[in-house]
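Fold and contact review
Here is how the chains run, residue by residue.
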Amino acid sequence: MKRNRENRLGELIEEKGKDAFTTNKTDQELILAAEAALERAFRPEQHTVGCAVRVASGKIYVGVNIKACGYGPCAEPIALGAAFTAGEELIVEIVAVRRREGVSGYRVVSPCGNCRQLLVDYAPSAIVLLQEDDAVQRVTAADLLPGYYRTRWNERLLQSNGVNGTHHANGSSNGTH
């Protein structure tokens with residue numbers, strides 16, 4: 001399995017070019033885990049997005065979206081639920097992917113608005129990988145949703161995870177909160 005991930009990682013770098021990544025090897029491993037989850041479960045009318053979360057222990061949990069009549073949960077809450085069900089408490093990194101349209105392969109996608117609020121509620125200081133201008137970027141969950149709905153719960157999480165106000169993946173803070 002690890003050998004297949006390393007082979008796929010090499011293919012991914014070759015396919016997209018080394019400059020396409022502003023991420024590190026562990027980020028790329030997380031992307032590959034999300035791709036593998038979607039590959040296993042892909043059904044065009046039911047499962048179109050895969051997600052992987054890394055927890056503080058380093059373990060990775062995955063999930064896929066579930067389309068249903070009218071609405072179904074996105075892949076992010078499914079993956080978060082898998083981690084929490086296993087007893088994990090701290091999500092440190094998350095990524096979602098979907099198949100590319102018209103060509104083979106996958107692309108990293110940004111969380112929807114509902115998932116952004118969910119991430120602020122359960123993992124506000126987690127690093128979220130998203131694609132911007134053909135490059136994968138790293139931002140904190142709290143930075144993805146300016147003016148997010150504040151509760152005692154998510155504010156307490158922000159403070160307990162060492163994040164006070166808007167905190168960036170590179171460690172800087174804009175001090176706006």
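Structural data are supplied above this passage.
What you see is a predicted model, and the numbers here were worked out from it, not measured in a lab. (Residues numbered from 1 in each chain as written. Predicted model: local features only at pLDDT ≥ 70, side-chain atom pairs only at ≥ 80, totals over all residues. Heavy atoms only, no water.)

The residue Arg 107 is located in strand β4 (residues 106–109) in this model. Considering only alpha carbons, one finds Arg 107 and Gln 131, 24 residues apart in sequence, at a separation of 7.7 Å. (Helix = DSSP H or I, 4+ residues; strand = E, 2+ residues; numbered from the N terminus.)

Tallied over the full model, the rule gives five salt bridges. Across the pair Arg 54 and Glu 29 runs a salt bridge, and its minimum N-O distance is 3.4 Å. In this pair, Arg 54 is assigned in strand β1 (residues 49–55) and Glu 29 in helix α2 (residues 25–41), connecting sequence segments 25 residues apart. Residue Glu 29 is classed as partly exposed on the basis of its relative accessible area of 29%. The salt bridge partner of Glu 93 is Arg 138, with a shortest N-O separation of 3.4 Å. Of this pair, Glu 93 sits in strand β3 (residues 91–99) while Arg 138 sits in strand β6 (residues 135–140), and the two are 45 residues apart along the sequence. The buried category is assigned to Glu 93, whose relative accessible area is 6%. Among the charged side chains, a salt-bridge network with shared partners connects Asp 27, Glu 29, Arg 54, Glu 93 and Arg 138. (Salt bridge = Lys/Arg side-chain N within 4 Å of Asp/Glu carboxyl O. Buried < 20%, exposed > 50% of the residue type's maximum accessible area, 1.4 Å probe, protein only.)

Take the pairing of β6 next. The pairing of strand β5 (residues 127–132) with β6 spans six bridges and is classified as antiparallel. If you follow Ile 127 over to β6, its bridge partner there is Thr 140. The loop that links β5 with its antiparallel partner β6 comprises two residues; one of these, Asp 133, has a positive phi angle of about 50°. (Pairing = 2+ DSSP bridges.)

Tallied over the entire structure, the rule returns zero disulfides. Its sulfur unpaired, Cys 112 is 3.7 Å from the next cysteine sulfur, which belongs to Cys 115. Taking relative accessible area as the criterion, Cys 112 reaches 32% and is therefore assigned partly exposed. By relative accessible area, Cys 115 is classed as buried at 3%. (Disulfide = S-S within 2.5 Å.)

Of the residues making up helix α3 (residues 75–85), those classed as buried are Ala 75, Glu 76, Ala 79, Leu 80 and Ala 83. Looking straight down α3, one finds that the buried residues subtend no more than 130° of arc, so they occupy a single side. Check the buried side of α3 and you find it contacts β1, β2 (60–64), β3 and α4 (113–122). Residue Gly 87 follows α3 closely and has a positive phi angle near 95°. (Arc of directions from axis to C-beta. Contact = heavy atoms within 4.5 Å.)

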